[in-house]
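Listed here are the chains, written in short residue letters.
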Amino acid sequence: MRLRCAVLDDYQRVATEVADWSPVADAVDVVVHDTHYPDEDTLAAALADVDIVVTLRERVPFPGSLIARLPRLRLIVASGMRNSVIDYAAAEAHGVTVCGTASSSTPPVELTWALLLGLARGIVPEADGLRAGGPWQQTVGADLHGRRLGLLGLGRIGGPVAQVGLAFGMRVSAWSQNLTRERTDEVGVELAPSKEELLRTADFVSVHLALGERTRGLLGPAELALLKPTAYLVNTSRAAIVDQEALLTTLHEGRIAGAGVDVFDTEPLPADHPMRTAPRLLATPHLGYVSRANYATYYGQAVEAIRAHLAGAPVRRLPVPAAPGPASARAGTA
């Protein structure tokens, strides 16, 4: 019997374009789903006859309750080598193998700078005004050279973001719970003495931390109140690191110059979500990892994982995550 593979949330319908699926074509029928299923019931119905699921990043949760409703499911391939929304213990109990793929940190680095530059130079309002016949020049751009870039996290993404900041002639400092002077010296940036000092002194703050118990709500009302009125905040990491209600209040009250956000508490954003209309906000629909090269890797390695599964030799299996604790919450290396 041929197997059925569901590719979830392929909004651009490129999964079968950017990778060669012919190695599994003799045994597997691939069905692309280009819309998001908002609840477990509709998702369970859509996947009722599916043996394999390919899911992008953490777009779709797979709790134990869902896995139990999918008796045919035998393989989940998730892009990246870390996924916090899959119940690994339930998958193992139901005989479901979970595999990952490689993922490049370059696309989120580039998007971080797209947001930061877009904010600093008023790119969106100026471009919109030009196309609509509006006023010629509405904004006065914020300079980067000589200004301070404060990074929360200096790992695979934060490190390259820092190097770009240095190339712009910025003064760059970084902080996280585990960050060491050896690491900041390696990158060539300053080690901020505290989170509070970084927030008080930075002209631009960018978040590059993994979401965990110690980083959830890391920037709340008190922390956002430390930012300069002329400062900009960028978050391409995880929405829950920044208190969303506090951020909205800060933007509406004009207590910072602006924010660039690529991640949200609910994705896709509902049509009436307040983030869609917040002032001083440059927002993108979670594009951090969305690039042609990254997608070619995701789906190409998904095909490899399916082929290996058919051969009974799984590749890149994702381990059950360690229990939360000091050793596993490595916020400083995100």
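Computed from a predicted model, the values in this text were never measured in an experiment.

Cut-offs applied
Residues numbered from 1 in each chain as written. Predicted model: local features only at pLDDT ≥ 70, side-chain atom pairs only at ≥ 80, totals over all residues. Heavy atoms only, no water. Core = buried A, V, L, I, M, F, W, Y, C linked by side-chain atoms within 4.5 Å. Buried < 20%, exposed > 50% of the residue type's maximum accessible area, 1.4 Å probe, protein only. Helix = DSSP H or I, 4+ residues; strand = E, 2+ residues; numbered from the N terminus. Contact = heavy atoms within 4.5 Å. Disulfide = S-S within 2.5 Å. Axes fitted to C-alpha atoms, helices over the stretch in contact; angles between N-to-C directions. Parallel < 35°, antiparallel > 145°, perpendicular 65-115°, else oblique. Left-handed = near helix turned anticlockwise from the far one by under 90°. Nonpolar A, V, L, I, M, F, W, Y, C, P; charged D, E, K, R; others polar. Salt bridge = Lys/Arg side-chain N within 4 Å of Asp/Glu carboxyl O.

### Here we look at the nonpolar core
Item 1. Counting 29 residues, the largest nonpolar core has Leu152, Val205, Leu219, Leu233 and Leu247 as its most contacted members.
Item 2. Mapped onto this core, the elements with two or more residues apiece are helix H8 (195-201), strand E9 (204-207), helix H10 (244-252) and strand E11 (258-261).
Item 3. What Leu233 contacts, discounting residues up to four positions off in sequence, is Leu119, Val205, Val207, Leu219, Leu224, Val242, Leu247, Ile256, Gly258, Ala259 and Gly260.
Item 4. Of all hydrophobic cores here, the second largest spans 24 residues; its members include Ile52, Val54, Tyr295 and Ala302.

### Some thoughts on the state of the cysteines
Item 1. Summed over all chains, the structure comprises zero disulfides.
Item 2. Here Cys5 stays unpaired: no disulfide links it, and the sulfur of Cys99, its closest cysteine neighbor, is 12 Å away.
Item 3. Taking relative accessible area as the criterion, Cys5 reaches 1% and is therefore assigned buried.
Item 4. Given the relative accessible area of 1%, Cys99 is considered buried.

### Let's talk about the packing of helix H4 (residues 106-120) against helix H6 (residues 158-167)
Item 1. Remark: H4 packs on H6, axes separated minimally by 9 Å, with the N-to-C direction vectors making an angle of 45°. In terms of their interaxial angle, H4 and H6 are classed as oblique. Our pair here, H4 against H6, has a crossing hand that is right-handed. In this structure, H4 contributes Val109, Thr112 and Trp113 to the contact, and H6 contributes Pro160, Val161, Val164 and Gly165.
Item 2. When the residues that make up the contact of H4 with H6 are grouped by side-chain class, the tally is five nonpolar, two polar and no charged.

### Things to note about the pattern of salt bridges
Opposite charge on two side chains makes pairing possible when the charged atoms of those side chains draw close.
Item 1. One pass over the full model with this rule turns up 15 salt bridges.
Item 2. Across the salt bridge formed by Arg72 and Asp51, the nearest N and O atoms sit 2.7 Å from each other. Of the two residues, Arg72 is situated in the loop between helix H2 (64-67) and strand E4 (75-78) and Asp51 in the loop between helix H1 (40-46) and strand E3 (52-55); the sequence distance between them amounts to 21 residues.
Item 3. The structure contains a network of salt bridges with shared partners spanning Glu40, Asp41 and Arg69.

### Comments concerning unusual backbone geometry
Item 1. Residue Pro268 is bonded to the preceding Glu267 through a cis peptide linkage, with omega at -10°.
Item 2. With respect to the secondary-structure elements, Pro268 resides in the loop between E11 and strand E12 (281-283).
Item 3. Positioned with a positive phi, Arg280 is a non-glycine residue whose angle comes to about 60°.
Item 4. If you trace the backbone, Arg280 turns up in the loop between E11 and E12.
Item 5. Among the residues examined, Arg280 registers a relative accessible area of 41% and is labelled partly exposed.

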